Amino acid sequence: MTTVDETSPTARALVCLELLQNSPGITAERLGERLGVSDRAARRYVAVLREAGVPIESARGRYGGYRVGRGHRLPPLMFTNTEALALVMAVIEGDHAAGDPTVPVGSALGKIIRALPATVAEPADAVRRVSATRRAHRDTSPDPGTTVQLVDACSAARRLRLGYRSGSGRDRVLDVDPWAVVTRHGRWYLLCWSHTSDARRVLRVDRVVSVDLLPETFEPPQDLDPVRDVEDHLSDGWAHQVEILVDAPAATVRAWIPRSLGRLEPVDDDHCRLVGSTDEPDWYAQQLALLRTSFRIVGPAEVQEAARMIGRNLLRAGEVETPD
């Protein structure tokens, strides 16, 4: 059993509110034990909260107790560090505008962060500044504690030693300079320089199993564009090299497709070339439906065949059977 050390009435009242929020239905006896006071004193703290406008409900009987009810004003909310970070991450994953304080969701999130203690608010605000697009995959959401360690190291320009588990399940130890944490297409990534590989790397945050802070510091590249660099990485280095000729200028096509599909190269004023790579030809062919003009798949054969299959299925779906 843990009791509080605070002896001031204000401190005990705030701890009382936290206990009521975290343990709906808590009894006066249990509340007094947690506060380190008598049952009668615990009831007085409940009365203080009610006088302050916090809607505290109570129920009598064997299974009775206190809980925070619904009132005309929002009562003070208390979060643990992990709860606050998880909330911020969930909002970012669900709405990419959460980092913009000028829109309603961003403004609301900012109010919550400003109400948190500095030890919780600072890492939560650092995570909020991460760029995000699309809702996260449920099975790839990273641990909030790990995420904030990475974000803090990026801000402090401190080198890290990471335990990292590859997609095949192999564990590695990597010494990296963490440049930025970015969320793209529902996944969280760490853009970094790997001293182990002596190369730029993009790591999945959900595959980071341990984080150790090293004494060395670093200077990130002057021309660093985290979102662009992650998108470029995601479009390159896969098994199948893709080339698409598009009947539209690069500036127009750029507004239709994500950078992760590849890079656009102008051919002339009316045509461009999309060059990228993929491990999933079926998925890549599906993304080409985003192009709002005619195009030709130069290669590879796997993407060509996947596109033909999609085309045949669409044609069959559009056929209308006439009654005899």
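Above this text you will find the structure in question.
Reading the values: rules and limits
Residues numbered from 1 in each chain as written. Predicted model: local features only at pLDDT ≥ 70, side-chain atom pairs only at ≥ 80, totals over all residues. Heavy atoms only, no water. Core = buried A, V, L, I, M, F, W, Y, C linked by side-chain atoms within 4.5 Å. Buried < 20%, exposed > 50% of the residue type's maximum accessible area, 1.4 Å probe, protein only. Helix = DSSP H or I, 4+ residues; strand = E, 2+ residues; numbered from the N terminus. Phe/Tyr/Trp six-rings, centres within 6.5 Å; stacked < 30°, edge-to-face > 60°. Axes fitted to C-alpha atoms, helices over the stretch in contact; angles between N-to-C directions. Parallel < 35°, antiparallel > 145°, perpendicular 65-115°, else oblique. Left-handed = near helix turned anticlockwise from the far one by under 90°. Contact = heavy atoms within 4.5 Å. Pairing = 2+ DSSP bridges.

Novice: Mind showing me how you'd approach the nonpolar core here?
Specialist: It is characteristic of soluble globular proteins that their nonpolar side chains tend to be buried jointly. Core analysis: the largest hydrophobic core is formed by 29 residues, its most contacted members being Val-127, Leu-150, Leu-160, Leu-162, Val-181, Leu-190 and Leu-203. Sorting the residues of this core by element identifies helix H4 (81-94), helix H5 (104-115), helix H6 (118-128), helix H7 (144-156), strand E3 (158-165), strand E4 (171-184), strand E5 (187-194) and strand E7 (208-217) as the ones contributing at least two each. Among the elements that make up this core, the one with the highest residue count is H7 (5 residues). In terms of nonpolar packing, the next biggest core, distinct from the first, is built from 19 residues, Ala-250, Ile-257, Leu-261 and Cys-272 among them.

Novice: Would you mind going over the packing of aromatic side chains with me for this structure?
Specialist: Each aromatic ring pair is specified by the distance between its two centres and by the angle formed by the two planes. Here the structure, examined in full by the defined rule, presents 2 aromatic pairs. Look at Trp-283 and Tyr-284: their rings are 6.3 Å apart centre to centre, the planes differ by 75°, and that puts the pair in the edge-to-face class. By relative accessible area, which is 0% here, Tyr-284 ends up buried.

Novice: Can you help me understand the environment of Asp-236 in this one?
Specialist: For Asp-236, the location among the structural elements is in the loop between helix H8 (226-234) and strand E8 (240-246). Expressed as a C-alpha distance, the spacing of Asp-236 and Gly-276, which sit 40 residues apart in the sequence, is 5.7 Å.

Novice: What should I look at first to understand the packing of helix H1 (residues 9-22) against helix H2 (residues 28-35) in this one?
Specialist: When two helices pack together, their arrangement is given by the angle between the helix axes and by the axis-to-axis distance. Axis separation between H1 and H2 bottoms out at 10 Å; the angle between their running directions is 130°. Classed by the angle they form, the pair H1 and H2 counts as oblique. For the crossing formed where H1 meets H2, the hand is right-handed. Residues Arg-12, Val-15, Cys-16, Leu-19 and Leu-20 of H1 touch H2, and the partners they reach there are Leu-31, Arg-34 and Leu-35.

Novice: Please clarify how the sheet that holds strand E10 (residues 271-278) should be interpreted in this entry.
Specialist: Strands belonging to one sheet form pairs held by backbone hydrogen bonds; the direction of such a pair is parallel or antiparallel. What the 4 strands build is an open sheet, ordered E9-E10-E8-E11; its pairing is antiparallel. Of all the strands in the sheet, the pair left with one neighbour each is strand E9 (263-268) and strand E11 (295-299). Here the average twist between neighbouring strands, direction ignored, is 25°. Alignment of E8 against E10, held across 7 bridges, turns out to be antiparallel. Paired with Ile-244 across the strands is Leu-274, a residue of E10.

Novice: Teacher, can you tell me more about unusual backbone geometry here?
Specialist: Residue Gly-299 is joined to Pro-300 through a cis peptide bond whose omega torsion reads 5°. Positionally, Pro-300 belongs in the loop between E11 and helix H11 (301-318). Of note, the phi angle at Ala-157 is positive, near 55°, even though the residue is not glycine. Inspection of the secondary structure assignment puts Ala-157 in the loop between H7 and E3.

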